[in-house]
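# Structure assessment
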Amino acid sequence: MKKKFTNYQLVWLLVFSVLALCNNRQASAYTGKSTAIQPSELETINSNNALPIPLIGTVVDQNNSPIPGATVIVVGTTRGTVTDIDGKFNIDATVGQVIRVSFIGFQSAEVTVGNQTTINISLQEDTSALEEVVVVGYGTQRKSDLTGAISSVTSEDLKETPAGNFLEQSQGRLAGVDIVRANGSPGSPVQIRIRGNRSINASNEPLYVIDGIPTNANINDFNPNDIESMEVLKDASSVAIYGSRGANGVVLITTKRGKTGKAVISYDGYYGVKQPIENLNLMDGNAFAAYSRIARGHDGDDSSFDSNFLAPLEIENLQAGRFTNWLDLAIQTGSQQDHQVSVSGGTDKVNYYVSGSFFKEDGYIPGTDFERTAIRVNLESKLTDKLKMGLSATVSLSERNQMSSAPFSNSLGYSPLVGPYDEEGNFLAFPNPREGLLSNPLLNYQPYQYVDETRGHRIFANLYAEYQFNDNLKLRVNYGPDFNLSRRGTYGGMLDGNINQGSINNQMDFAYTQENILSYDKSFGNHDLNLVGLFSVQSSRFETSSLSGQDIPIEKSLFYDLGSSSTITGIGSSLGEWGLTSYMGRANYRFDDKFLFTLTGRADGSSRLAEGNKWAFFPAFSAGYILSEEELMQGSKISFLKVRGGYGEVGNTAISAYQTLGGLERTTYVFGSTAAFGYANNLIPNPDLKWEISKTMNLGLDYGLFEDRINGSLEYYITNTSNLLLNRLLPITSGYNSVLQNIGSTRNSGWELSVNANIINRPAGLKWDVNMNVFSNKEQITELFDGESDDVGNNWFIGEPINVFYDFEQGGIWQLDEADLAADYGQQPGDIRINDVNGRGEDGELNKQPDGNINSDDRKVLGSTVPSWSGGLTNRVSYKGFDLSVLVHARMGQMLNSGYHNLGGNNWQGRYNAITMDYWTADNPTNAIPRPNAGEAPLYASAVRYFDGSYIKIRNIALGYNINAELIQKLGLTSARIYSTVNNAFIFSPYSTVDPETSNGNVGGGSPLTTASYIFGINLKF
């Protein structure tokens, strides 16, 4: 695949060299330094136990390297501090008190104070991933105690891939979670599918729960640098606790919190350049002229007939060798930058985390960008021994500018024999004399010609209070408001000869969640019990208003003064409200540290459904058995082994508010000679609409080998979704086109494998970790309107995924020696050859046997947007301050529809330019692309557009260096890291025209290209 960023690769390699020099200096700085620090080195000076003792200490890791930023507290007091750049600390304590030291990624250590003045503590790495605590719905659990299917990533994983949102950062890191960016436009959405598509018409987007508050609104409003961890709940036994809102899976986001100790000030920033990934080799002037001649039946080198189809200006430029590559003029180098300052810290009474961030991405298409400013405040205060209150809030402002697809798509087809400017350098709106209606591809780049701007304002918060009645029982109350205000303004100018026009659309959403959560924890003997009860109310209100007008007198006013328009072309407004009331109960029970049980039930009542169908109950049950706790497995290489299984049900309302009530639309009537407005039904009310229900069975195996140095999980699942909400077509004589009913069903089944391995962990500092995940999901429609019949009109087929490509299958190009056979099908050499795959038997039914005829029966399901399998592989290596990570992402077996190979309409008749394609001529008997023909579009032109969209990407390469503490100590820094990353730099795919990554299976002039980015950044802590 062609790359245009060789210079940036050289710069990146240069950084490697600079970092290597820094490493040499670090090695020199440590020469002769003692590495023998004992875990406990005591000096007795005071025998009076009642007096506070000033203690000096050092905290190191198992390699005797100092740990800056470790938290040191005196247990049971308000005294606490953090270690400095050399791992040292000062604290006062009395004899008999306990000093606790903790740091992320290490096991906490405690030391009882005697009569000493120095305490040197060595922390050991927490190598057991199975002892990690992960977030689940309305609580946390040890990873070893989970009975459901959950995938997770940490902030350390996310920051390796600099991006505008946390979904892009998570791509390739989560088993069972397919994440694909829609296109390369800044701020464009990212599609996430957790174990496939379940619903045909309804949304398949998951629920996002951020610090306990659910939302489905724009995730681009949140700064990914504020995230501490992300867990994805995948099976129904995990998501049933969220009932109807968790029908498509749940993404739990936990943001960063302050830790006890002195304030830590951090700056994290980066800047990088972005280049579009493409191999769009357009025909130059000579190739375009030859292609135009061949399309008209002439020899490609015969210029004697050029005046019949080329303008005099084009002929003049052709003879002079003056060619224009419009694509080079239409795209540019983009950029991406992010800057964040955060302050965190706390005491045993108050913890705080405050951050401010600025993110901006400039696209490779001029006039496209996305900008976000966000503030995050997390506060928690322990008011009494039993009561604590907190606030977790984000305020963000965003602006996204989009460009029409015209500059990019038109640059692919515009004649290379004309240029954008005249001899005096003036811009030409219509530079091609033979195309009087085809405007300059660069037209929309001109001032006041095209504007599409969206501004967003978001306030998202969780205000909570938690009261601990006793050691076992606590009550938590959450209130989460979510306010979202957005405005989109568009404007089109007059350079194209049309009347200028503008529009403005406003949307204001306010949603809130109020939850009361009662939790009970009790351990007695070999029994551990956790009970959770919930009452929740969720509500949403959304308003829209719009105005459009044309013939605006002052162009510079754009869409800001639509009242001055000569004609108001549209006015609209709307209001929608919905609510959800829920009751939930969950019981987690552990017996003898090896038998695990979880029972969940949730009842949801939705205002969107009609009386009698508003409420539904969603049960779930799961169990686990830790075999490694059995005596017979003690001392084996298998350090952990657990089998688990679960079953659960979740629902989906899948309809808009008021849809069960029917709808009205305005019509016009004439009473005599007087015109009037009236209203008529446009939507049949259906009070029988019910919930879509998904039932999932999940089986899992969790394992750990060699003291958990290798660990992971294996999953198998089946999800059946029934009562799909689909529009049944009605006879037009009824006065309606369709009615919404509960019809049809789907099935998703698949497997997932994850492996985490600590390959090398040397005392000298060399460490190598590997994380791998591979998964496959089979998506099927199992029932439609009348049972097992296909719906060809909607491209829905029993046994196939929801989104498929249904068309004729190309068998090559008819060759000269096949002229007689081609004639039997009404074709000739150079035409597209279609495979004869189907016929009809005597009973008139399709028999999947060739019949010698090519007709609509020969269309077939060619492929789908669902990959056969996907996965990711991350390698992390660190050594003496250096750290290197490489993420490989694969998505294999999906099909691609290439708009760059669209030969329909006028696109293959020698009129418009195209990418350089291997097309058929008598001297070039290819089987790829048919001969061009000025008379008509190729028969079965769409058959050449389908490609294998499989790819393997080097998704991310990140190299970092932690600067030697002695070099930065004088600057007041506790740590400093510089790094460089390369994203999407290398792609391996059978489709090499552009990046094959796409959410809908389509690429072309209407889909902005994805980009490769080269980023340089720095992390500082004070």
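Residues numbered from 1 in each chain as written. Predicted model: local features only at pLDDT ≥ 70, side-chain atom pairs only at ≥ 80, totals over all residues. Heavy atoms only, no water.

## Focus: the packing of aromatic side chains
This model, assessed by the stated rule, comprises 27 aromatic pairs. A centroid spacing of 5.1 Å and a plane angle of 45° characterise the contact between Phe535 and Tyr583, whose relative ring orientation is tilted. Of this pair, Phe535 sits in strand β25 (residues 527–550) while Tyr583 sits in strand β26 (residues 567–591), and the two are 48 residues apart along the sequence. The partly exposed category is assigned to Phe535, whose relative accessible area is 29%. Among the aromatic residues, those joined into a ring-pair cluster are Phe288, Tyr291, Trp908 and Tyr919. Its guanidinium or amino end placed over the ring of Phe677, Arg666 lies 3.8 Å from that ring's centre, counting from NZ or CZ. (Phe/Tyr/Trp six-rings, centres within 6.5 Å; stacked < 30°, edge-to-face > 60°. Helix = DSSP H or I, 4+ residues; strand = E, 2+ residues; numbered from the N terminus. Buried < 20%, exposed > 50% of the residue type's maximum accessible area, 1.4 Å probe, protein only. Lys NZ or Arg CZ within 6 Å of the ring centre and 35° of its normal.)

## Here's the deal with unusual backbone geometry
For Asp708, which is not glycine, the phi dihedral falls at a positive 65°. Inspection of the secondary structure assignment puts Asp708 in the loop between β32 (692–705) and β33 (710–722). Residue classification places Asp708 among the buried positions, given a relative accessible area of 10%. Backbone geometry places Asn984, a non-glycine residue, at a positive phi of 60°. Its relative accessible area of 8% is what places Asn984 among the buried residues.

## What about helix α6 (residues 312–320)?
Along α6, the residues classified as buried are Glu314, Ile315, Asn317 and Leu318. Projected down its long axis, α6 carries its buried residues within an arc of 165°, all on one side. Exposed positions of α6 whose direction lies more than 90 degrees from the buried face are Pro312 and Gln319. Those residues of α6 that are buried are in contact with α5 (285–295). Following α6 by one or two positions, Gly321 has its phi on the positive side, about 75°. (Arc of directions from axis to C-beta. Contact = heavy atoms within 4.5 Å.)

## Let's talk about the sheet that holds strand β3 (residues 80–82)
Taken in spatial order, the four strands line up as β3-β2-β5-β6 in an open sheet, and their pairing is antiparallel. Every interior strand has two partners, whereas the edge strands, β3 and β6 (109–112), have only one. The average angle at which neighbouring strand axes cross in this sheet is 20°, direction not considered. Judged from the three bridges that link them, strand β2 (residues 71–74) and β3 form a sheet pairing that is antiparallel. Residue pairing for β3: Ile73 is matched across the bridge by Gly80. (Pairing = 2+ DSSP bridges. Axes fitted to C-alpha atoms, helices over the stretch in contact; angles between N-to-C directions.)

## What about the sheet that holds strand β4 (residues 88–93)?
Taken in spatial order, the three strands make up an open sheet running β4-β1-β7, and their pairing is mixed. Edge positions in the open sheet fall to β4 and β7 (118–122), since each of these has one partner strand only. Each strand of the sheet is rotated relative to its neighbour by a mean of 30°, with strand direction disregarded. Here six bridges tie strand β1 (residues 53–60) to β4, and the two strands are oriented antiparallel to one another. Bridge pairing in β4 links Ile56 to Asn90.

## Regarding the environment of Lys690
Along the chain, Lys690 falls in the loop between β31 (674–683) and β32. Residue classification places Lys690 among the partly exposed positions, given a relative accessible area of 36%. It is 7.7 Å that separates the C-alpha atoms of Lys690 and Lys614, two residues lying 76 residues apart in sequence. Once you skip the residues sitting within four places of it in the chain, Lys690 turns out to touch Leu609, Asn613, Asn723, Leu725 and Asn742.

## Some remarks on the pairing of strand β22 (residues 450–468)
Sheet topology note: the strand β21 (residues 387–401)/β22 ladder contains 15 bridges and is antiparallel. Its bridge partner being in β22, Leu397 is matched across the sheet by His457. In this structure, β22 lies alongside strand β23 (residues 473–492), joined through 17 bridges in antiparallel fashion. Counted as the bridge partner of Arg458 is Asn484 from β23. Turn length for the β22-β23 hairpin, with the two strands adjacent in sequence and antiparallel, is four residues.

## Brief notes about the nonpolar core
Leu280, Phe408, Tyr900 and Trp908 are the most contacted members of the largest nonpolar core, which totals 41 residues. For this core, the element with the highest residue contribution is α5, accounting for three residues. (Core = buried A, V, L, I, M, F, W, Y, C linked by side-chain atoms within 4.5 Å.)

## So, empty space enclosed by the protein
Under the criterion given, the structure shown has 11 cavities of 30 Å³ or more. In this structure, the largest cavity encloses a volume near 230 Å³. Along the wall of the largest cavity there are 21 residues; nearest its centre are Glu168, Arg181, Arg955, Asn984 and Thr1011. If you list the elements that add at least two residues to the lining of the largest cavity, you get β11 (177–181), β47 (975–988) and β49 (1011–1021). For the lining of the largest cavity, the element with the highest residue contribution is β11, accounting for three residues. Residue composition of the lining of the largest cavity, by class: five nonpolar, 10 polar and six charged. The space that makes up the second largest cavity amounts to roughly 150 Å³. Elements that contribute at least two residues to the lining of the second largest cavity include exactly α4 (236–239), β26 and β27 (595–606). (1 Å grid on protein atoms, 1.4 Å probe; cavity = no way out; pocket = protein on both sides within 12 Å on 5 of 7 lines; lining within 4 Å. Points joined across faces, edges and corners; volume = space filled by probe spheres on them. Nonpolar A, V, L, I, M, F, W, Y, C, P; charged D, E, K, R; others polar.)

## Topic: the pattern of salt bridges
Summed over all chains, the structure comprises 51 salt bridges. For the salt bridge of Glu168 with Arg181, the shortest nitrogen-to-oxygen distance reads 3.0 Å. In this pair, Glu168 is assigned in helix α3 (residues 166–170) and Arg181 in strand β11, connecting sequence segments 13 residues apart. Owing to a relative accessible area of 12%, Glu168 belongs among the buried residues under this scheme. The shortest N-O distance in the salt bridge between Arg644 and Glu715 comes to 2.4 Å. Here the residue Arg644 occupies a position in strand β29 (residues 638–652), and Glu715 occupies one in strand β33, the gap between them amounting to 71 residues. Taking the relative accessible area as the measure of exposure, Glu715 reaches 3% and is therefore buried. Within the structure, one salt-bridge network assembled from shared partners comprises Arg142, Asp145, Asp528, Arg590 and Asp593. (Salt bridge = Lys/Arg side-chain N within 4 Å of Asp/Glu carboxyl O.)

Fair warning: the whole summary comes from geometry, so function is off the table for now.
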